[in-house]
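Residues per chain are reported as follows:
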Amino acid sequence: MSSNAHDLNSIRAAARADTEVNFGFWIYLMSDVIIFSMLFLVYVDLSQRYAGGPTAADVFELRGVFLETMALLLSSLTFGMAMVNLHQGQKERVVIWLGVTFVLGAFFLGHELSEFAHLIHEGASFTRSGFLSAFFGLVGTHGAHVFFGLVWIVVMVVQIKLRGLTPPVASRLARLSLFWHFLDLVWICVFSTVYLPGVLQGVAA
Amino acid sequence: MFGKLTLDAFTHSSLIIVFANVIMVGTGLLVIGLLTYFRKWGYLYREWFTTVDHKKIGVMYIFIALIFLLRGFIDAAMVRAQQATAGPGMEGYLEAHHFAELFTGHGTMMIFFMAMPFIVGLMNIAIPLQIGARDVSYPLLNAISLWLTAAAGALVMISLLIGQFSEAGWSGYTPFSGLDHSPSVGVDYWIWALQISGISTTLTGVNFLVTILKKRAPGMSFMRMPMFTWTSLCTTILIVLSFPALTVALALLALDRSAGTHFFTGTMGGDQMMYINMFWVWGHPEVYILVLPVFGVFSEVVTTYCNKRLFGYKSMVWATMAIAFLSFTVWVHHFFTMGQDPLRNAAFGIATMVIAIPTGVKIYDWIWTMFRGRIEFKLPMLWTLGFIITFTMGGMSGVLLAIPGADYKMHNSLFLVAHFHNVLIPGTMFGLLAGFYYWFPKAFGFKLDEKWGRHSFFGWLVGFYVAFVPLYMLGMMGMPRRMASYENPVWHFWLVIAAIGALIVAYGIFAMFMQIYVSYRDREKNRDLSGDPWGGRTLEWSIASPPPEYNFAIIPEVHDRDAFMYMKVHNTAYQRPERYEDIHMPKSTPIAIVIAGLAFVFGFAYVWHIWWLAGLCLLGVIGAVIARSFNPEPEYVIPAEEVERTENAFHDKVAQDGALERMKHIESFGDERSAYAATPEPSTTGTQSEKPL
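Residues numbered from 1 in each chain as written. Chains lettered and ligands numbered in written order. Predicted model: local features only at pLDDT ≥ 70, side-chain atom pairs only at ≥ 80, totals over all residues. Heavy atoms only, no water.

- An unreviewed UniProt entry annotates chain B as Cytochrome O ubiquinol oxidase of Salinisphaera orenii MK-B5.
- In the Subcellular location (unreviewed entry) part of its UniProt record, chain B is described as follows: "Cell membrane".
- Under the heading Sequence similarities (unreviewed entry), UniProt records this for chain B: "Belongs to the heme-copper respiratory oxidase family." (UniProt positions renumbered as here; feature names shortened; annotations may be inferred.)

- With an unreviewed UniProt entry as reference, chain A is termed Cytochrome bo(3) ubiquinol oxidase subunit 3, source organism Salinisphaera orenii MK-B5.
- UniProt annotates chain A under Subunit (unreviewed entry) with the comment "Heterooctamer of two A chains, two B chains, two C chains and two D chains."
- The heading Function (unreviewed entry) in the UniProt record of chain A holds the text "Cytochrome bo(3) ubiquinol terminal oxidase is the component of the aerobic respiratory chain of E.coli that predominates when cells are grown at high aeration. Has proton pump activity across the membrane in addition to electron transfer, pumping 2 protons/electron."

1. Some words on the packing of helix H2 (residues 20-46) of chain A against helix H6 (residues 186-214) of chain B
- Look at H2(A) against H6(B): their axes get within 10 Å of each other, and the N-to-C directions meet at 135°. Taken together, the axes of H2(A) and H6(B) lie oblique to each other. Regarding H2(A) and H6(B), the two cross each other, and that crossing is right-handed. Of the residues in H6(B), those in contact with A:Glu20, A:Phe23, A:Gly24, A:Ile27, A:Tyr28 and A:Ser31 of H2(A) are B:Thr202, B:Val206, B:Leu209, B:Val210, B:Leu213 and B:Lys214.
- A per-class count over the contact of H2(A) with H6(B) returns seven nonpolar, three polar and two charged. (Axes fitted to C-alpha atoms, helices over the stretch in contact; angles between N-to-C directions. Helix = DSSP H or I, 4+ residues; strand = E, 2+ residues; numbered from the N terminus. Parallel < 35°, antiparallel > 145°, perpendicular 65-115°, else oblique. Left-handed = near helix turned anticlockwise from the far one by under 90°. Contact = heavy atoms within 4.5 Å. Nonpolar A, V, L, I, M, F, W, Y, C, P; charged D, E, K, R; others polar.)

2. Description of the UniProt feature "domain: Cytochrome oxidase subunit I profile" (unreviewed entry) in chain B
- As annotated in UniProt, the feature "domain: Cytochrome oxidase subunit I profile" (unreviewed entry) corresponds to residues 48-559 of chain B in the numbering used here.
- Secondary structure over residues 48-559 of chain B splits into 69% helix and 0% strand, and the C-alpha atoms at its two ends are 35 Å apart.

3. Digging into the UniProt feature "domain: Heme-copper oxidase subunit III family profile" (unreviewed entry) in chain A
- The sites that UniProt annotates as "domain: Heme-copper oxidase subunit III family profile" (unreviewed entry) are residues 21-199 of chain A.
- What you have in residues 21-199 of chain A is 86% helix and 0% strand, and the ends, taken at the C-alpha atoms, are 42 Å apart.

4. Some thoughts on the confidence of the model for chain B
- Per-residue confidence for chain B gives a mean pLDDT of 92; residues scoring 70 or more make up 96%.
- Taken together, the chains of this predicted complex give a pTM of 0.94 and an interface ipTM of 0.95. (pLDDT = per-residue confidence, 0-100.)

5. Quick look at the pattern of salt bridges
All names here are of chain B.
- Within this structure, the stated rule accounts for 17 salt bridges over all chains.
- Across the salt bridge formed by Asp188 and Arg257, the nearest N and O atoms sit 3.0 Å from each other. Of the two residues, Asp188 is situated in helix H6 and Arg257 in helix H7 (residues 227-258); the sequence distance between them amounts to 69 residues. Like Asp188, the residue Arg257 is buried in the burial classification. (Salt bridge = Lys/Arg side-chain N within 4 Å of Asp/Glu carboxyl O. Buried < 20%, exposed > 50% of the residue type's maximum accessible area, 1.4 Å probe, protein only.)

6. Here we look at helix H1 (residues 15-37) of chain B
Residue and element names in this part refer to chain B.
- Compared with the 33 Å implied by 1.5 Å per residue over 23 residues, the 32 Å span of H1 between its first and last C-alpha is a close match.
- Among all positions of H1, only Ile17, Asn21 and Leu35 are buried.
- Of the surrounding secondary structure, the elements contacted by the buried residues of H1 are helix H2 (41-49), helix H4 (96-130) and helix H5 (139-161).
- Backbone nitrogen of Ile16 and a side-chain oxygen of the N-cap are separated by 3.1 Å at the start of H1; the cap is Ser14. (Expected span 1.5 Å × (residues − 1). Polar contact = N/O pair within 3.5 Å; in protein donor to acceptor, adjacent residues only side chain to side chain.)

7. Describing the packing of aromatic side chains
Residues and elements named next belong to chain A.
- Across all of its chains, the model carries 74 aromatic pairs over all chains by this definition.
- For the pair Phe60 and Tyr195, a centre-to-centre distance of 4.9 Å together with 55° between the ring planes defines the contact as tilted. Taken together, the residues Phe60 in the loop between helix H3 (56-59) and helix H4 (62-87) and Tyr195 in helix H7 (residues 167-204) connect sequence positions 135 residues apart.
- Classification of Phe60 by relative accessible area gives buried; the value is 7%.
- Of the residues examined, Tyr195 reaches a relative accessible area of 0% and is grouped as buried. (Phe/Tyr/Trp six-rings, centres within 6.5 Å; stacked < 30°, edge-to-face > 60°.)

8. Overview of the domain arrangement of chain B
Residue and element names in this part refer to chain B.
- Split by domain assignment, chain B resolves into domain 1 (1-289) and domain 2 (528-589 + 634-693).
- Each of domain 1 and domain 2 has a C-alpha centre, and these two points are 36 Å apart.
- Between domain 1 and domain 2, the residue contacts involve 28 residues of the former and 31 residues of the latter.
- Interface area, domain 1 with domain 2, both sides summed: about 2,300 Å², of which 58% is carbon and sulfur.
- Among the residues domain 1 hides against domain 2, the three largest losses belong to Leu129, Arg134 and Arg224. Together they make up 34% of the total.
- Looking at the side of domain 1 that touches domain 2, the elements that each hand over two or more residues are helix H3 (54-85), H4 and H5.
- Among the elements that make up the side of domain 1 that touches domain 2, the one with the highest residue count is H4 (three residues). (Domains from an automatic or database assignment. Buried area = accessible area lost by both parts, 1.4 Å probe.)

Structural data, given as structure tokens:
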């Protein structure tokens, strides 16, 4: 990639956070923050309203959630590796690290879906109580975001394969990176607002 | 296959609805027929449906707004007519559920499909021109926003024909809007119309926030932005921060109604008041989303027609910011009667009253701008004066309602209805019509008729007082809002007066459409050759009317708050550059109408629980976005020669109009000329706050 000195500069420029289009994505993320904060509020409001159904301590199982969390946190790191390689213009390595990120994200999502399926099977579905509606609403919205993140990763891998690391592709990767790290951040809040207090309640009782 | 949709949905018990449908479908078929007969479809598709030009998008937004102004007004007039004829011993002419659909439809349409599109339309037309930009930051996103609004409006329209609209009021309070109490599809139509238009507004908010922050011409620091741009900036911030709350509230309500969840239900652990909190966490900022840009319009109008710099520009900016901030701190005043403790009510009551202070600052700034100005009593000035007086009164009744104790008495009464119409009609409608007149020549190249405009103004002003002062009195007499019939004979007289007021407003609306027609007929006589029909002060008046698609052949340099006035005083306006350059502009694309079309079908399918269709549409939207991401941003180039030809034609017209002569004789009022002369050159601009971002 010796002839690409100029390209590398334009790739780096396109990935900067303050370019017009990336800045707009920041603003969009701020509106997404409001979406999540509303769902957090709803959860906190409804988190004790069991309506005679299962309680938080009954339905949460920390071991699986811990694995899930580790997978997602690790995926942020692997996405970071993809971005480092993007800045060096290493096309193949970007694809590999995106692939690793995809696998970790898919593991997270798969685990979450199996947790949901298990809960519904046990009779702890979202129609059971206000608490469970709020739980499925908040965690499900995060999961839907992860799903769209996965779709986006696939699209970006295809674009890298077809186009190479052009400035528009680099610019999109920068936004996907923001999106992915944002989801990680939200998950940390989910973990500490939903799962930890829920399990602690069980311990206290 | 078709979910809940059966032939029953097409039958209507009320003859009035059947009649309305005949008119709606008939008008639709007539328009389609005429367009086909005159072979206009190709033109419409190429020039309008697929365009990403912010000026055309703005015009289409206002077109949508005018259609819904008519529909929303018809609903209001029917509500007034019902209450005037449904007193003791009288039947009225509407069934109660139809009456409920009417007041729900009126509020929904006036807020979401009249005021919002009108405001966004004015922003689209004016802001890129005011800041010296060639387009908004994301032209395609802008087109998507427009067509999503149109799709949402179409959902409201089709609810008249298939099924019914919501009866739960424009705010759709739970538990009444829940499935137990409102099992029909009306609330679902309401949810998806609001959801789609809300997403459209959020996208617009992101778009214009970035546009204003990133696309200003060199030299235009924050403290040199025109007031309309400033107030719109604050509005876009409010949009980005508040509309997602509505999105979540509506989404959860939709889940309650279709998936059996218990977010807002009265049973199984749902929290009804949560919905009402979430609705007003959006709803109160929304009030300022509607009113702040219009404050900006008034500021532009007052400076232009008083031929004077805006008095207290900085205080105006800070007042706008203060209002934007405070708008998030008052939402509980919409339900003081919820049952929270008095301390909390007192805090929100005080926060509400505090808003009157920055608003008062603005009122005084406008008055002081007029003071010793050379006032030209053009139509927008009339709207402004009507606004200042009427709005101040409405604000006073708001301060009254902000006292929790008093609110217990007025809550849900017609006093409240009178109050919010008393702020929204002058604060939004009057300003929108002032802005409409003010920027119309910029968008179309000819001025609006003054005479019919004055008829419209007096129709609105007099009609407003006749219609709403009685409502204040009825509220004090204890009449609740939204009553399909009543037994108190004392109320009847005042409701008849209010209905007469609605008739006078009807004349105002008729006169407005006459104004548009007459102006179009006499357009050759009212041409705006110079692009500066009012002696304007900001950049949009420095270019041709209507502007070429690229707006500015050369991006201007800004030396002053009133950038164009500075150029005129310094004889640097209308200068031709040594050479022109090629200009790159984004290409038209049908993708926006495809996405919006899918969104419309998605909404319709969700309303009727046609899940396969809803799923397909959702996939279609995602697919369209992905497909688009594979196309490199399509652009076309306007060659320098063509730019030169267009600009030369404009300069010829400017000379023909005598604008260059006029420029030499800009009269000095107050210390006008010296004020501009004293403005330091940009290189020596001193303070930190004056520097470009």
